[in-house]
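So the chains spell out like this:
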Amino acid sequence: MKLTFWQRLDLIVRSVTPFFLTLVLVVLGQVPLHIPGFAEVAPLLPLMAVYHWAIYRPDLLPAIAVFFAGLLQDALSGMPFGVNAAVFVVVHMVVMSQQVFFTGKSFLIIWLGFSMVAAGATVLMWLLTAMFFSAFTTLDTAFVQYLVTVGVFPLLAWLQVRWQQSVLSQV
Amino acid sequence: MKNRQHLGHHLVHPEKGMANRFGYLGLVLAAFALMLLGKADVVVMERVRASVTDAVAPVLEVLSRPVATFDRLVDEANALSSLREENARLREENQRLIHWQAAARKLASENQQIKGLLNFAPGAEPGFISGRVIADTGGAFVHSILVNAGVRDGVAKGQAVITGDGLVGRVHGVGTRAGRVLLITDLNSRIPVVVEATRTRAVLAGDNSERPRLIHLPPGATVSIGDRIVTSGHGGAFPPGIPVGVVAHATEGGVTVKPYVHRDRLEYVRVVDYGLQGILDATSAAEGAGVSK
């Protein structure tokens, strides 16, 4: 079947939405919510996108896209350039290497997998910033941030699954 | 069709795996290269950061508005419920402030006369630039905020940022329309301060926790819980006398300070231009990035 120009354009637009959504999550993560004590432990939203798309549609969010999302996160958050980029790429790599394991697994397993991946990502982020600033900070806040991130995951995962089923079903 | 794709996938897999692995290695190396570059050439990286921030600032500005509005609604609902007590409290406070006003007037005129006697040269009048907080960023590892005021509004690197409560931090990077403020709790924040009552000098050092620490206290100095900490003005970065916080803990192990400014309540801030030359020119900023304890 030959596609018309508009059909092809439609497909292209749909297929870039995972990357676009990841960028949106990066920006959303920066919005001040004025909740006491929240800013330090705000969930790592883009990490969830990286994880989700690496499991279900790695073709739509390749490593290079993840790298650039990480750079945007670095630029906006004020972290040293390259830290989030490295963390996101490593997460992508780890999830991709476990692709066979993740296929067809229940949500609980996916969530459990995320809790492990996020733990690794948090520790890696902590190590990289510690190396960059040559000063080790406490892991307390990072740990709370990790818990918040894992707690928020089901909501975002659900939204992303809905998106995948509706917008990306034909892509 | 599906079958063929499936087969193809399997056939291509080994080489693709190799290519993938190289791809990942390349990206991770690129990330590390950027980190090294960020260590070596702060100026370029900050410029890149400023332009990215500038590009995203309008989006953040729009996004942060409804949140702020909602927040204000909640605040107002809260205020309505406690209107009576609030009114009573304010009346009482007003009484007290009228006394203070009288005292201040008397002191001001006295001060004027004495300054006249001494031929005192007054310092430069500070200029203020107001900005709205459009992003509260960094999570657990970096404590900074973005304000919607940049070079075009007269903001420059190194300026002090305050609210009515006290010191927020200093301008760390600035783009055309947005500026990044490094909070006093950030790992890289070092503010020269004095203990207000005893005039003991120290440096307030952030460590990414909510309570920054006092370091470089002179030996034998005594600091007690509840002491007010204000900026000292040493080093030329900040004007003296901006309230910073109160001493929360004072033990042998160290002194921690509870800042007056709450990060979560920051909505509008003022960037203060006292016409002082910040200590943070490019070279010292580069050294500052590597400050250790």
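Relevant structure appears above.
About the criteria used
Residues numbered from 1 in each chain as written. Chains lettered and ligands numbered in written order. Predicted model: local features only at pLDDT ≥ 70, side-chain atom pairs only at ≥ 80, totals over all residues. Helix = DSSP H or I, 4+ residues; strand = E, 2+ residues; numbered from the N terminus. Rg over C-alpha atoms; globule rule 2.2 N^0.38 Å. Buried ≥ 20, exposed ≤ 12 C-beta atoms within 10 Å, placed from the backbone. Contact = placed C-beta atoms within 7 Å. Nonpolar A, V, L, I, M, F, W, Y, C, P; charged D, E, K, R; others polar. Pairing = 2+ DSSP bridges. Axes fitted to C-alpha atoms, helices over the stretch in contact; angles between N-to-C directions. Parallel < 35°, antiparallel > 145°, perpendicular 65-115°, else oblique. Left-handed = near helix turned anticlockwise from the far one by under 90°. Core = buried A, V, L, I, M, F, W, Y, C linked by C-beta atoms within 7 Å.

(A) Representation of the overall build of chain A. Broken down by element type, chain A carries eight helices and zero strands. Mapped from its N terminus to its C terminus, chain A presents α and β elements in the order α-α-α-α-α-α-α-α. Relative to the 2.2 N^0.38 estimate, which gives 16 Å for 171 residues, the radius of gyration of chain A is 17 Å and therefore close to what a compact globule would have. Here chain A, with 171 residues, has 44% of them falling under the buried criterion. Sequence-distant contacts in chain A: of pairs separated by 6 or more residues, those separated by 24 or more amount to 70%.

(B) Region of the structure containing the interface of chain A and chain B. The partner chain B presents 43 residues to the 44 residues of chain A that form the contact. For the side of chain A that touches chain B, the leading source of residues is helix 4 (residues 63-77) of chain A, giving seven residues. Broken down by class, the residue content of the side of chain A that touches chain B amounts to 31 nonpolar, 12 polar and one charged.

(C) Up close: the environment of Gln101 of chain B. Examined against the element boundaries, Gln101 of chain B turns out to sit in helix 3 (residues 83-118). The sequence separation of Gln101 of chain B and Val168 of chain B amounts to 67 residues, and the corresponding C-alpha distance is 27 Å.

(D) Summary view of the sheet that holds strand 8 (residues 213-215) of chain B. Residues and elements named next belong to chain B. Sheet architecture is closed into a barrel: six strands sit in the order 6-7-8-11-10-9, paired in antiparallel fashion. Neighbour-to-neighbour, the strand axes of this sheet turn through a mean angle of 45°, independent of strand direction. With two bridges joining them, strand 8 and strand 11 (residues 254-259) adopt antiparallel strand pairing. When the bridges of strand 11 are listed, Leu214 appears paired with Val255.

(E) Structural detail: the packing of helix 4 of chain A against helix 5 (residues 83-97) of chain A. Residue and element names in this part refer to chain A. It is at 7 Å that the axes of helix 4 and helix 5 come closest, and there the two elements cross at 150°. With respect to their mutual orientation, helix 4 and helix 5 come out roughly antiparallel. With respect to the hand of their crossing, helix 4 and helix 5 are arranged in right-handed fashion. Contact with helix 4, carried on its side by Ala63, Val66, Phe67, Ala69, Gly70, Leu71, Gln73 and Asp74, involves Val83, Asn84, Ala85, Val87, Phe88, Val89 and His92 of helix 5 and no other residues of that element. Of the residues contributing to the contact of helix 4 with helix 5, the split by class is 10 nonpolar, four polar and one charged.

(F) How the structure looks around the nonpolar core. With 103 residues, the main nonpolar core has Tyr51, Val89 and Val91 of chain A together with Leu204 of chain B as its most contacted residues. Per-element accounting of this core gives the leading share, 10 residues, to helix 5 of chain A. Setting aside chain neighbours within four positions, we find Tyr51 of chain A in contact with Val91, Val95, Phe114 and Val117 of chain A.

(G) Region of interest: the packing of helix 3 (residues 45-56) of chain A against helix 5 of chain A. Residue and element names in this part refer to chain A. For the pair helix 3 and helix 5, the least separation of the axes is 9 Å and the interaxial angle reads 30°. With respect to their mutual orientation, helix 3 and helix 5 come out roughly parallel. Taken as a pair, helix 3 and helix 5 cross one another with a handedness that is right-handed. When helix 3 is examined against helix 5, the residues Leu47, Val50, Tyr51, Ala54 and Ile55 are found in contact with a partner set consisting of Phe88, Val91, His92, Val95 and Met96. Considering only residue class, the contact of helix 3 with helix 5 consists of nine nonpolar, one polar and no charged.

Function cannot be read off these values alone, since they describe shape.
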